[in-house]
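Secondary and tertiary structure notes
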Amino acid sequence: PSNVIRISNCAFENNMSDFLGGGALAMSGGGTLTVEYCTFTNNAVVADPSSGSGTGGAISIDYYSSGSVPVSGNATVSNCVFSNNTVTAGFATSGGAIGLRASHSAQSPAFYTKIEKNRFVNNSAGPSTSGGEGGAIAVSSSFPVDIQYNSFSGNTIDAGVKEALSIRKFGDGAVTATNNWWSCNTNPQADGTCSERARIIGTVGGGTLATSPWLML
């Protein structure tokens, strides 16, 4: 839980996981993960087509602790390019490029995530029984998440619905997704106005999503 891992200047191509998440990389538990100046291309999570769930076609970040000693952690993903990463599963799909799940408990009290200065191109969370979430990034977090200075284009869910980012409201965390390029000059949370939408899923909980200001061309 106190591991410190830095991955720099690497290329991850054509990797696959058939269990839960992280087609190329998976972080589970606590510790510190830094991924920078890498490319992630054609990585995939292919879970059980009848009932399985999958998240994080390229990277899965899953913070929790089931032990008796509290663990904290943080993750930073910066200056990377994610292209054509996918999640395929029968029951639920999320985070075509990055899937983040971080849950608060007495043993998992603090976690911070930063995703900045990356490009997300043509990533997808495929059709599933419960519907896809986050063609590029899907977040369910009890803690702060900063997603800034990224560009999104061509990311989809459910085999064609354009969507870059989704967050789960019940996670109670504040997601700040400002100063990003969403392939439009309008609010990505406004229905039907942006080709790369961002949305909150659910009505119960304290999770928030801020997307203003956004970058314009």
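Higher on the page you've got the structure.
None of the values given here were measured: they were computed from a predicted structure.

Parameters and conventions
- Residues numbered from 1 in each chain as written.
- Predicted model: local features only at pLDDT ≥ 70, side-chain atom pairs only at ≥ 80, totals over all residues.
- Heavy atoms only, no water.
- Disulfide = S-S within 2.5 Å.
- Helix = DSSP H or I, 4+ residues; strand = E, 2+ residues; numbered from the N terminus.
- Buried < 20%, exposed > 50% of the residue type's maximum accessible area, 1.4 Å probe, protein only.
- Salt bridge = Lys/Arg side-chain N within 4 Å of Asp/Glu carboxyl O.
- Pairing = 2+ DSSP bridges.

Moving on to the state of the cysteines. Following the criterion strictly, the structure yields 1 disulfide and no others. Each disulfide pairs two cysteine sulfurs, and for Cys 184 the partner residue is Cys 194, the sulfurs being separated by 1.9 Å. Judged by the torsion about the S-S bond (-90°), the Cys 184/Cys 194 disulfide is left-handed. Remark: Cys 194 occurs in the loop between β24 (174-176) and β25 (197-201) and Cys 184 occurs in the loop between β24 and β25; sequence separation between them is 10 residues. No disulfide involves Cys 80; its nearest neighbouring cysteine sulfur is the one of Cys 38, lying 4.7 Å away. Judged by relative accessible area, which is 1%, Cys 80 ranks as buried.

Glancing now at the pattern of salt bridges. Under the criterion given, the structure shown has 5 salt bridges. For Glu 36, the salt bridge goes to Arg 6, with nearest N and O atoms at 3.1 Å. Of the two residues, Glu 36 is situated in strand β5 (residues 31-36) and Arg 6 in strand β1 (residues 4-8); the sequence distance between them amounts to 30 residues. For Glu 36, a relative accessible area of 17% translates into the label buried. The exposed category is assigned to Arg 6, whose relative accessible area is 56%. Note that Glu 163 and Arg 197 form a salt bridge whose closest N and O atoms lie 2.6 Å from each other. Linking Glu 163 in strand β23 (residues 161-168) with Arg 197 in strand β25, this pair joins segments that are 34 residues apart in sequence. Judged by its relative accessible area of 0%, Glu 163 is buried. You can call Arg 197 partly exposed: its relative accessible area is 27%. The network of salt bridges with shared partners includes Glu 163, Arg 197 and Arg 199.

Before going further, it helps to spend a moment on the sheet that holds strand β13 (residues 92-94). Read across the sheet, 3 strands follow the order β8-β13-β18 without closing on themselves; strand pairing throughout is parallel. Since the sheet does not close on itself, it has two edges, and those belong to β8 (53-55) and β18 (132-133), each with one partner. Where β13 lies against β18, 2 bridges are found, and the strand directions are parallel. Bridged to Thr 93 within β18 is Gly 132.

Bear in mind that shape data such as this cannot, by itself, settle questions of function.
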